[in-house]
Each structure stands twice: as structure tokens, then as C-alpha cells.
Amino acid sequence: DTAVSQTPKYLVTQMGNDKSIKCEQNLGHDTMYWYKQDSKKFLKIMFSYNNKELIINETVPNRFSPKSPDKAHLNLHINSLELGDSAVYFCASSQGYAGRTEAFFGQGTRLTVV
Amino acid sequence: AQSVAQPEDQVNVAEGNPLTVKCTYSVSGNPYLFWYVQYPNRGLQFLLKYITGDNLVKGSYGFEAEFNKSQTSFHLKKPSALVSDSALYFCAVRDSLDAGNMLTFGGGTRLMVKP
């Protein structure tokens with residue numbers, strides 16, 4: 001059973017489009033995250049979501065918005081896609097904040113904006 | 001503000017030899033330290049963590065790391081490297097005083113183990 005699953009695995013889209021990436025975890029964790037990994041493999045936190053508390057990295061453009069329909073899901077919506085949004089996006093989850101407990105990561109969604 | 005540095009982009013080691021992947025950190029409070037590994041086209045996998053207690057932490061796949069407060073380091077080690085250990089390794093830190101509760105990752109170190 002996949003613990004943290006993301007769909008789609010690959011996403012190719014044109015500039016200006018709006019797209020969503022879905023994430024589901026079956027671990028019963030109460031905290032979920034979105035990370036962005038750029039072409040140099042640098043990994044940056046975008047959002048964390050815990051019991052309806054959203055913590056946003058202030059460097060993330062407001063074109064990016066997380067949506068959590070329930071505790072097991074944290075979807076990422078991106079409006080007006082730009083070339084610089086091309087990256088691999090990872091969803092993760094943990095029990096409590098991942099500052100003390102380890103996070104479990106999905107396999108990533110490679111987004112290519114053309 | 002918290003930060004973490006991995007000074008080596010790549011580490012090369014022969015199979016059977018010991019390996020070390022370096023990590024140094026900067027925090028205002030106490031550090032919570034983690035190592036993750038990423039295989040090609042995969043997500044990150046947790047290896048080990050230091051929260052408190054014994055400075056030597058043992059983790060998955062025979063890896064261990066030593067917390068050194070005076071040197072603000074948390075180097076990852078393994079006594080005998082395997083070719084299958086070749087991957088990208090990330091060190092991460094959280095400052096106990098960080099209200100945002102977010103992990104900060106280092107830039108990653110690519111480990112190449114040659115037969």
C-alpha cells in the first residue's frame with residue numbers, strides 16, 4: 001500500500017493555465033506538506049497544514065494555494081502557470097509537525113510548463 | 001533563522017570503504033536534525049533523526065550520524081559503503097524556537113559508490 005500518493009506523476013502544460021496536483025496519505029497523519037524541488041535538487045517547503053492551520057512560506061506566490069477537503073488529502077492548485085514553476089513537487093505527511101517526527105514523502109509530480 | 005549546509009555536492013567512495021556525508025547547521029534554540037535519502041525519480045525516505053539524548057544515532061540501512069553540538073554538525077556515516085547506497089542525501093534541521101515548525105533542508109549531497 002502506498003503511504004503518500006500523488007497524482008499525476010507527470011504534468012506538462014502551457015503557460016497561463018491553471019492546474020491541480022492531488023495528494024492523499026493513508027497513514028492517519030495529522031499534518032501534510034507541499035515541497036518544491038528545483039532543477040538543482042534544492043528542496044523548499046511551500047506549505048504545511050495541520051488541523052486546519054495553514055502555515056505558508058512567505059516566498060510562495062499567491063498563485064499557489066493548498067486545499068484540504070479532509071485530513072487525508074492536501075491538494076495543490078496553481079493558477080496562471082509560469083515557466084519558472086517547472087519543478088518536481090512533493091507532498092509529505094507526518095504525525096505532528098515534522099520538526100520532531102519524520103515526514104513521509106510521495107513520489108513527486110514533475111511539472112513542466114511550456 | 002535556521003539554516004543547514006552540506007558543503008559537498010558529491011562524495012565518491014569505493015564499495016566496502018567507510019563513507020561520511022557532512023552537514024552543519026545553525027539555529028537559535030536546540031536543533032532537531034534529520035537525514036533523508038532520495039533515489040532517482042523517487043521521493044525522500046527518512047533515514048534517522050536526532051531530537052535529544054545520545055549523540056550517536058543509528059538509522060536505516062546501517063547508517064548512523066553523530067550530533068556534535070560544539071561543531072554544530074550532524075555528519076552521516078556508514079562503516080562499509082554499498083553500490084546501492086548511491087543516491088542523493090539531504091540533511092534537514094528545525095529550530096526548537098521556530099514557531100513555524102518547518103524543516104529546512106540542505107542542498108543535498110550526491111553519494112557515488114563505485115564497485
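Everything below is about the structure shown above.
These numbers come from a predicted model, not from an experiment.

**Q** So what about the packing of aromatic side chains? Which residues, and what values?
**A** Applying the stated criterion to the full structure yields 16 aromatic pairs over all chains. Centre to centre, the rings of F105 of chain A and F105 of chain B are 6.4 Å apart; their planes meet at 80°, and the pair counts as edge-to-face. Here F105 of chain B lies in strand β11 (residues 104–105) and F105 of chain A lies in strand β10 (residues 104–105), a pairing that spans two chains. Each member of the pair, F105 of chain A together with F105 of chain B, is buried. One aromatic cluster is present, formed by Y33, Y35, F90 and F105 of chain A together with F34, Y36, F46, F90 and F105 of chain B through successive ring pairs.

**Q** Tell me about the pairing of strand β4 (residues 31–37) of chain A, and please be specific about residues and values.
**A** Regular strands have side chains that alternate between both faces of the sheet. Residues and elements named next belong to chain A. Burial of β4 is extensive: six of the seven residues sit out of reach of the surface. The sheet contact formed by β4 and strand β5 (residues 43–50) spans seven bridges and is antiparallel. In the strand pairing of β5, K36 is matched with K44. Between β4 and β5, which pair antiparallel one after the other, the connecting turn spans five residues, and K41 there sits at a positive phi close to 75°. Two strands pair when backbone bridges link them, and β4 and strand β9 (residues 87–94) are joined in this way by seven bridges, in the antiparallel orientation. When the sheet's bridge partners are listed, Q37 is paired in β9 with V88.

**Q** Describe the environment of A3 of chain A, with residues and values.
**A** All names here are of chain A. Along the chain, the position of A3 falls in the segment before β1 (4–7). Remark: the alpha-carbon pair of A3 and K71, spanning 68 residues in sequence, is separated by 14 Å. Other than its neighbours up to four places away in sequence, A3 contacts E24, Q25, N26 and L27.

**Q** Run through the pattern of salt bridges, naming residues and quoting values.
**A** Residues and elements named next belong to chain A. Scanning the entire structure with this criterion turns up five salt bridges over all chains. Here R63 and E82 are joined by a salt bridge, their closest N and O atoms 3.5 Å apart. Of this pair, R63 sits in the loop between β6 (53–56) and β7 (64–67) while E82 sits in the loop between β8 (75–78) and β9, and the two are 19 residues apart along the sequence. The partner of R63 in a salt bridge is D85, with the nearest N and O atoms 2.8 Å apart. Taken together, the residues R63 in the loop between β6 and β7 and D85 in the loop between β8 and β9 connect sequence positions 22 residues apart. A relative accessible area of 13% places R63 in the buried class. According to the relative accessible area criterion, D85 is buried, its value standing at 3%. One salt-bridge network, held together by shared partners, links R63, E82 and D85.

**Q** How would you summarise the interface of chain A and chain B if you had to cite specific residues and measurements?
**A** The partner chain B presents 21 residues to the 23 residues of chain A that form the contact. Here E102 of chain A makes a salt bridge to K49 of chain B, at a shortest N to O gap of 3.1 Å. There are three residue pairs in polar contact (both at pLDDT 80 or more) connecting chain A and chain B. The biggest single contributor to the side of chain A that touches chain B is β5 of chain A, with four residues. When grouped by side-chain class, the residues that make up the side of chain A that touches chain B number 12 nonpolar, seven polar and four charged.

Definitions and limits used
Residues numbered from 1 in each chain as written. Chains lettered and ligands numbered in written order. Predicted model: local features only at pLDDT ≥ 70, side-chain atom pairs only at ≥ 80, totals over all residues. Heavy atoms only, no water. Phe/Tyr/Trp six-rings, centres within 6.5 Å; stacked < 30°, edge-to-face > 60°. Helix = DSSP H or I, 4+ residues; strand = E, 2+ residues; numbered from the N terminus. Buried < 20%, exposed > 50% of the residue type's maximum accessible area, 1.4 Å probe, protein only. Pairing = 2+ DSSP bridges. Contact = heavy atoms within 4.5 Å. Salt bridge = Lys/Arg side-chain N within 4 Å of Asp/Glu carboxyl O. Polar contact = N/O pair within 3.5 Å; in protein donor to acceptor, adjacent residues only side chain to side chain. Nonpolar A, V, L, I, M, F, W, Y, C, P; charged D, E, K, R; others polar.

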